[in-house]
Structures are given as structure tokens and as C-alpha cells.
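This is what each chain is made of:
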Amino acid sequence: MRIRATVAAVSGALALSALAVPASQAAQSGAPGGDRPSAPEYGFSSQHGAAAAPKARTNGLTAAPKAAAAPVITKTVVNGGKPIVVGTTATKKVTVAITATHASGIADAATILWIGKNLDDYDAFAFVQNEDKAKCKAANATTSTCTLTVTVDPVLLINTDATYWNVGAAVLAKDGTDVQNDKSGKIRFQRLSKLTVNASPEPVKKGKTLTVTGKLSRANWETSTYKGYATQTVKLQFRKKDSNTYTDVKTVKTSSTGTLKTTTTKTTVAGYWRWSFAGTASTPAVNATGDYVAVK
């Protein structure tokens, strides 16, 4: 089952309603449990209670009213600027901070994280804000930073979502004018990675062969499991027991199932062995917890 979310502006605030979509009606390929909901609407309707501009008379003629200036969005920051890394089951709440300015001051803001060609596209998908109203902190009389949160649920993600998403931002000024930018910024989504290590024998004789194994895996959003990450470059590293610094020993590629295996004879002192993965665009860097091996 999927949840279809729709958002409408109500008196300057966002109201969220949810509609269950039966799996039998689902059609989108690759989406676990069926079709994903289309991207919802967000933002503010124009001129929320703003007073109409007065008409000016010139030589007996009525001039057209001057349009009120809209707020200006100067910055949008999601998750502190860091990628949104999501596992298989746990939801992740991220913060969206929207900075904007207007002569009358800033009253409210709205946001959405979305992927697709545009918000009206059939294949577009989005996560909307949790709050009805943003928390806006004024820097001065005209500029404020408004904070909202968005909860990302991995159940609604597919693996190709591990890419850049658009950040939509809408701002409402105190005089009722508003602005909406569906592409106010971008934020990368990544599939959480895991890395294990095991070194044996323990202890090892000085100068003898040590075998180090492990596995690199990452979240598969379509099956809600972790799957081995194939043919990835991973470094074997070592640090002495009285040191805080790891040094590279050799580079190994993962197998078709994400497993790692190598041997080394650089077993002169006791210390910790680990695998280190630098990460890719879709998957964050990760280090295995060091496995201590004594030398006898």
C-alpha cells in the first residue's frame, strides 16, 4: 500500500491529507508495494489578505495600480548542506532553513523536497513539510530565516532516487505578498552503507600471513534490505594499538556480492585492521570498526 499525500494552502498555512492507494492499482515499475504518490502542491496562494494598492489619478485618468514587490528568497539549506542518507526502515527527519527578505518582514514559509521533470509531471514524487507553519527567526526588520522539517520514509523510495532532489521554497511576507520557487536548491539523497571486517588468525605470529575479510553493503530501498555493493574499490588499513591514525596497506575490489578478502604479511606489531570505503555519488563513505589483532 502507498500513501498519496496532497497539500493545500488554507489561510496561509499548509494542511496535509492522506489517501491510501491500493497496491492493485499500482503501476510504477520498481516501486516497492506499487505506485508512488504524485508530487503534492505546496506554498501560498497569491495576495493573502494584502490590501489592494490605491489607484492614482493623473490628468483625470486612473492609472493602473502598482504591483506589490514579492519577497526575495536568498538562501535555502537542507540538512545543514549534507546529503540525506537513508537506510531501509527508519524514517529520517531533516531540517529545511529558508532565508528571505521583504520590506514588510517575513510571516511564514513552506517547503517541499521533490524529484522529477517538474511538479506537475506524472512521475514526480515529493516529501512535504511536517509543520502547518514555519518557525521564523528575524535577523532584522526585513530578513528572517524560517525553519521547517521534512520526514523522509525509505518505504517510499526507489533505488534511482539516490541522486539530487529539488528543494521547493515558498515565502509569505507580512503584507500578504508571496513568492514560490520550485527549484530554490538541490539536495542529494544517498543509500546508507555498511562495512564489516574480520582479521584472522587472532593472535597472529609475527611476519605470518593474516587473512582479512569483510563485506560492503548498502540499502536497497526497493526490498528494504541491505545488498552487497559489487566491484567497488575499498582500502585495507592498519593502525598500531598506541596510534590514532590508520595507514593504507592495499586496495581491493569487492566481489559481485560485495564481499572482500585479502592477505597480508605486514604483521609486525599488534593493532587494528579495517576496511575503508571512500563512497560514491549514490552511497556515502564508510569505515569498518577496527578488528584488533595481537602479534605473538
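This one's a predicted model, so the numbers in the text were calculated from it and none came from an experiment.

Draft legend 1. Summary view of the pairing of strand β13 (residues 178–191). Where strand β6 (residues 84–86) lies against β13, 3 bridges are found, and the strand directions are parallel. By the bridge assignment, Ile-84 is partnered in β13 with Phe-189. Here strand β12 (residues 164–173) pairs with β13 via 8 bridges, running antiparallel. For Trp-165, the partnering residue across the bridge sits in β13 and is Ile-187.

Draft legend 2. Focus on the confidence of the model for the protein chain. Looking at the protein chain as a whole, its pLDDT mean stands at 85, while 79% of the residues score no less than 70. Confidence drops under a pLDDT of 50 for residues 47–60, and excluding neighbours within four residues, the segment shows 18 contacts in the predicted structure.

Draft legend 3. Inspection of the packing of aromatic side chains at higher detail. Evaluated as defined, the whole model comprises 7 aromatic pairs. Each ring, one from Tyr-229 and one from Phe-277, has its centre 5.9 Å from the other, and the planes form 80°; the classification is edge-to-face. Linking Tyr-229 in the loop between β16 (225–228) and β17 (233–240) with Phe-277 in strand β20 (residues 271–277), this pair joins segments that are 48 residues apart in sequence. Using a relative accessible area of 2% as the deciding quantity, one classes Phe-277 as buried.

Draft legend 4. Representation of the sheet that holds strand β8 (residues 106–115) within the structure. Pairing is mixed in the open sheet, where 5 strands are placed in the order β6-β13-β12-β8-β9. Looking at the sheet topology across the chains shown, the edges are occupied by β6 and β9 (125–128). The mean angle between the axes of side-by-side strands here comes to 35°, regardless of whether they run parallel or antiparallel. The pairing of β8 with β9 spans 4 bridges and is antiparallel. Residue pairing in the sheet places Trp-114 in a bridge with Ala-126 of β9.

Draft legend 5. Structural context of the side chain of Thr-267. Mapped onto the secondary structure, Thr-267 falls in the loop between β19 (259–264) and β20. There is a polar contact of 2.8 Å between the side chain of Thr-267 and the backbone oxygen of Lys-208. Each residue touching Thr-267, except ones within four places of it in the same chain, is listed here: Val-204, Lys-205, Lys-206, Gly-207, Lys-208, Leu-210, Trp-273 and Val-295.

Draft legend 6. Geometry of the pattern of salt bridges. Applying the stated criterion across every chain, the model contains 2 salt bridges. The salt bridge partner of Asp-248 is Lys-235, with a shortest N-O separation of 3.3 Å. Of this pair, Asp-248 sits in strand β18 (residues 247–253) while Lys-235 sits in strand β17, placing them 13 residues apart in sequence. Exposure remark for Asp-248: the relative accessible area of 45% places this residue in the partly exposed category.

Draft legend 7. Looking closely at the sheet that holds strand β11 (residues 143–152). One open sheet accounts for 4 strands, arranged β5-β7-β11-β10; its pairing is antiparallel. With one partner strand each, in any of the chains shown, β5 (72–78) and β10 (135–138) form the two edges of the open sheet. The average undirected angle you get between the axes of adjacent strands in this sheet is 20°. For β10 and β11, the ladder comprises 4 bridges, and the chain directions are antiparallel. When the sheet's bridge partners are listed, Lys-135 is paired in β11 with Thr-147.

Draft legend 8. The pairing of β11, seen in detail. Counting buried residues in β11 gives 7 out of 10 residues, a clear majority hidden from the surface. As paired strands, strand β7 (residues 92–101) and β11 are joined by 10 bridges and run antiparallel to one another. Considered in β11, the bridge of Ile-98 is made with Cys-146. Where β10 folds back onto β11 in an antiparallel hairpin, the turn is made up of 4 residues.

Calculation criteria
- Residues numbered from 1 in each chain as written.
- Predicted model: local features only at pLDDT ≥ 70, side-chain atom pairs only at ≥ 80, totals over all residues.
- Heavy atoms only, no water.
- Pairing = 2+ DSSP bridges.
- Helix = DSSP H or I, 4+ residues; strand = E, 2+ residues; numbered from the N terminus.
- pLDDT = per-residue confidence, 0-100.
- Contact = heavy atoms within 4.5 Å.
- Phe/Tyr/Trp six-rings, centres within 6.5 Å; stacked < 30°, edge-to-face > 60°.
- Buried < 20%, exposed > 50% of the residue type's maximum accessible area, 1.4 Å probe, protein only.
- Axes fitted to C-alpha atoms, helices over the stretch in contact; angles between N-to-C directions.
- Polar contact = N/O pair within 3.5 Å; in protein donor to acceptor, adjacent residues only side chain to side chain.
- Salt bridge = Lys/Arg side-chain N within 4 Å of Asp/Glu carboxyl O.

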